[in-house]
Amino acid sequence: MNNLMDNTESEKDFLYKILMVGDANVGKTSIIKKYVHGIFSQNHKPTIGVDFALKVLKLDNNLIVRLQIWDIAGQERFNTMTRVYYKEAFAAFVVFDASSWDNPNTLNIVKKWKSDIDSKVSLPNSDESIPVILLANKIDLISTDNDKMKKLTEEMNQFCTSHGFSAWFGVSAKENINLNLAHETLIDLIFKKLDQINQLKGVDNDNINANKNLDKQTNTIDLNFNMENLKTTCCD
């Protein structure tokens, strides 16, 4: 996949393939539908194999970023196909259900998905691993319990550092919490990774700044503790 499209003197247009992975029923499809279409529904059929959605973002400096988001089925029987689905991806989200984060099996499954991504995909024309952000979806179900939120934050910070996640966010597809911010962060990570690769290769990256001025419309939760508990870059 060529990430630079229709390049002209006045406008640059980038296409990035993004993976959305995680086990069944954690809310991957709901996140995509809310982020791309602004729609939330509790009634939808499980994804079979893979599905797609496209989000177009207009950034500053006449820059357009198109995110082609691949919704990967979480059912175990489809996992043999993930190498095909992962091909030419630039970044990924791993999603889990925040309401069951203290179940030991929850984070074991997350580790499985992260390992699967690391072993099967790297940035195009590079051996560099793609940036991966961890999403604790359904955060609205536990956000009023400060003790749970503090414990979740502490464990997620340590977990992400130990397992190579670029960042983690508490999100909610239902309440539209941190969905824009998580995707904006992923775009920044892609730009930074590509900048680093191009600098090592001596390639001019057209002076693309990783810190773009994105239109942020992210809802947040008013909690007594710092909002860094919901949006954390854990592995600089």
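Here the structure is shown first, and the text comes after it.
Since the model is a prediction, treat every value here as computed from it, not as a measurement. (Residues numbered from 1 in each chain as written. Predicted model: local features only at pLDDT ≥ 70, side-chain atom pairs only at ≥ 80, totals over all residues. Heavy atoms only, no water.)

> I tried to follow the side chain of Ser-172 on my own but got confused; where do I start?
In this fold, Ser-172 is placed in the loop between β7 (167-170) and α5 (179-201). Judged by its relative accessible area of 1%, Ser-172 is buried. Aside from chain neighbours lying at most four places away, what touches Ser-172 is Asn-137, Lys-138, Ile-139, Asp-140, Ile-177 and Leu-179. (Helix = DSSP H or I, 4+ residues; strand = E, 2+ residues; numbered from the N terminus. Buried < 20%, exposed > 50% of the residue type's maximum accessible area, 1.4 Å probe, protein only. Contact = heavy atoms within 4.5 Å.)

> I would appreciate a short explanation of unusual backbone geometry in the present structure.
Apart from glycine, the bulk of residues carry a negative phi angle, and the bulk of peptide bonds sit in the trans form. The residue Glu-88 is not glycine, and still its phi comes out positive at about 70°. If you trace the backbone, Glu-88 turns up in the loop between α2 (82-86) and β5 (91-97). Backbone geometry places Asn-178, a non-glycine residue, at a positive phi of 65°. If you trace the backbone, Asn-178 turns up in the loop between β7 and α5. Exposure remark for Asn-178: the relative accessible area of 0% places this residue in the buried category.

> I would appreciate a short explanation of helix α4 (residues 146-163) in the present structure.
Each α-helix turn comprises 3.6 residues. Residues three or four places apart therefore point the same way. Across its 18 residues, α4 extends 25 Å between first and last C-alpha, which sits within 8% of the 26 Å expected from 1.5 Å per residue. Of the residues making up α4, those classed as buried are Met-149, Leu-152, Thr-153, Met-156, Phe-159 and Cys-160. Seen along its axis, α4 keeps its buried residues to an arc of 145°; they face one direction. The outward face of α4, more than 90 degrees from its buried face, is lined by the exposed residues Asp-147, Lys-151, Glu-154, Gln-158, Thr-161 and Ser-162. On the buried face of α4, the contacting elements are β5, α3 (104-120), β6 (132-137) and β7. A side-chain oxygen of the first residue of α4 lies 3.2 Å from the backbone nitrogen of Asp-147; this N-cap is Asp-145. Gly-164, located one to two residues past α4, shows a positive phi value of around 80°. (Expected span 1.5 Å × (residues − 1). Arc of directions from axis to C-beta. Polar contact = N/O pair within 3.5 Å; in protein donor to acceptor, adjacent residues only side chain to side chain.)

> Where do I start with the pattern of salt bridges in this structure?
Any two side chains of opposite charge can pair if their charged atoms end up close together. As enumerated under the stated definition, the model contains six salt bridges in all. For Arg-66, the salt bridge is made with Asp-13, and the minimal N-O distance between the two is 2.9 Å. Note that Arg-66 is positioned in strand β4 (residues 63-72) and Asp-13 in strand β2 (residues 12-21), a separation of 53 residues in sequence. Judged by its relative accessible area of 24%, Arg-66 is partly exposed. Linking Lys-193 and Glu-128 is a salt bridge whose minimum nitrogen-to-oxygen distance equals 3.2 Å. In this pair, Lys-193 is assigned in helix α5 and Glu-128 in the loop between α3 and β6, connecting sequence segments 65 residues apart. Classification of Lys-193 as buried rests on a relative accessible area of 18%. Residue classification places Glu-128 among the partly exposed residues on the basis of a relative accessible area of 33%. (Salt bridge = Lys/Arg side-chain N within 4 Å of Asp/Glu carboxyl O.)

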